[in-house]
Each structure stands twice: as structure tokens, then as C-alpha cells.
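Chain residues, written in single-letter form:
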Amino acid sequence: MEQLRQKKGFIIDMDGVIYHGNRLLPGAKEFVEWLYRENKQFLFLTNSSRRTPVELQKKLGWMGLDVDESHFYTSAQATASFIASQYPEASAYAVGEHGLLNALYDAGITVNEIDPDYVIIGEADNYNYDSIIKAVHFVNQGAKLIGTNFDLTGPKGDGIAPACRALVAPIELVTGKNAYFIGKPNPLMMRTGLKLLGVHSEETAIIGDRMDTDIVAGIETGLDTALVLTGVTSRETIGDFPYRPRLVLQNVGEIVG
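Keep in mind the model is a prediction, meaning the values are calculated, not measured.

Peer 1: In this structure, what is going on with the sheet that holds strand β7 (residues 110-111)? I would like to understand it.
Peer 2: Note: strands within a sheet are paired through backbone hydrogen bonds, in either parallel or antiparallel orientation. Across the sheet, which stays open at both edges, the five strands sit in the order β7-β6-β8-β9-β12 with parallel pairing between neighbours. Bordering the open sheet on either side are β7 and β12 (180-181), each of which pairs with just one other strand. Examined bridge by bridge, strand β6 (residues 91-95) and β7 share two bridges and lie parallel to one another. Across the sheet, S91 pairs through a bridge with T110, a residue of β7. Strands in contact with helix α5 (residues 98-106) are β6 and β8 (118-121); relative to β6, the strand with the most contacts, it is inclined by about 170°.

Written out as C-alpha cells, the structure reads:
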């Protein structure tokens, strides 16, 4: 644990680590206060594409955590940055909430429902059969298929709900084309996170609740890894994976001591 506490930088997942829905998780407030008190460099790196960094900042504010907007980076921002670097002034048919749509707009990517260059799928309340039909048509016409993140499921109330990879699956099956997923564990997002932190990977730890995105991303990027049991992965399911986190914690409050 002391080795973890000595790290200069922390990349932290949000849902399942800091909060669950609209409920702050045990130890979260103490952990964030510790990060500031110890002058740590930290970044909330979330696979969710629903909210903008400002909205995430305000959400934490409502829960009693005062965190600057600069400490947030989302899969929507990573997706927009990737597409802008690949194809400046590209157009896209996007299925997602305003977190994704705002990120695309900020990157100069225009919405196009006639002949888009990309089809981008994120978590969306308006995802429906018509969305699938349109996405299939555009991909068959040559549009490139992008998923904002690789999460198959996400927490919903006291259970789970389909997440981005599940929403992309019908389009892949029908078109025979594989999507490219941007969020964790894609090294693109992890490298950007480290660049924003300004801290070398050897001096950084990742704190997450999922073995299949957070922990594997940390292992593949050379970060120290700590799994918290307040989210998706349970102590019983850790053994289902061929890799392990260095530390398993009940919640982030344990880091404070």
C-alpha cells in the first residue's frame, strides 16, 4: 500500500469507484481530499461518453466534492480527438448523449445523416431499432464503425445494463465489420491520460473497479494497479481473468489509511 501512496500520478475511474449512480461511495471524499493534500497529479478517466467534463465536475460538486474541470477526461473526448487526427473535418452519424455530441462539435466533426465518414456509437437513451438500421446502412455504404468504449455492461440501479460494446454488436453482426473501440483499455486513451497528467507511467497508478478495462489497461500501459470492490468486479470474479491487480481494496478510502 505504501508503494501505491508514493505514486506521483493517479488515473481514476469514476462510476463504481467514486460514485454509483447519484450516490457517493465510501471513502471517496477522503480519497479526493488526500489527493489534494498530498499534491498528487490526478485525472478522472471515464469510459462513459454521456457527460461533458463540466457536467462531471458539477455532479461531483452536488455530492460535496470540489474538483477542477481539468481533472476529467472522457471516452467521448478521446473519440473526437482520434477522428480529428485521422480525418480532419470528417462527418459522422453519432448515437450518443450530449457528452459525445459536444466533443465531436468541439473537434470540428459535423453531424451527417446522409453519407457520413464515420458511424460512432456511445451510450444513449435514444438507441433504438431505427438507430441500428441507419448505422448498418451507413457502414455498408463505407462509413467506418467506432465505439466510444469497450464496456460490455455498466451499473444500473442495483443491477447491470448493456453498455457500448453490447450496443455496437448488432451493427457488427449485420455488416460483418468490426468496430474500433477508443476508450480503456485502448492505449490511445491511456497515453493521452498520462500526457495530461504530465507524469511517467512508472510513477502512476490506476484505480478502477473493472478487470476488463481499468486493470488490463493499467497492466498494458505499465501502471501500478489497484482494484476496488465497489463496482463491477467482485472478489469472486477476479480469478476469471488471466491477470491480476497488484492490490485489491474494499474502497478508495483504504488508500488514505
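Peer 1: It is not clear to me how the packing of helix α6 (residues 129-140) against helix α7 (residues 164-175) should be interpreted in this structure. Could you clarify?
Peer 2: Packed helices, taken two at a time, are described by the angle their axes make and the gap between the axes. Where α6 contacts α7, the axes come no closer than 10 Å and their chain directions differ by 45°. One way to sum up the angle between α6 and α7 is to call them oblique. Both α6 and α7 take part in a crossing whose hand is right-handed. For the pair α6 and α7, the contacting residues are I132, A135, V136, V139 and N140 in the first and P170, I171, V174 and T175 in the second. Of the residues that constitute the contact of α6 with α7, the class distribution is seven nonpolar, two polar and no charged.

Analysis parameters
Residues numbered from 1 in each chain as written. Predicted model: local features only at pLDDT ≥ 70, side-chain atom pairs only at ≥ 80, totals over all residues. Heavy atoms only, no water. Pairing = 2+ DSSP bridges. Helix = DSSP H or I, 4+ residues; strand = E, 2+ residues; numbered from the N terminus. Contact = heavy atoms within 4.5 Å. Axes fitted to C-alpha atoms, helices over the stretch in contact; angles between N-to-C directions. Parallel < 35°, antiparallel > 145°, perpendicular 65-115°, else oblique. Left-handed = near helix turned anticlockwise from the far one by under 90°. Nonpolar A, V, L, I, M, F, W, Y, C, P; charged D, E, K, R; others polar.

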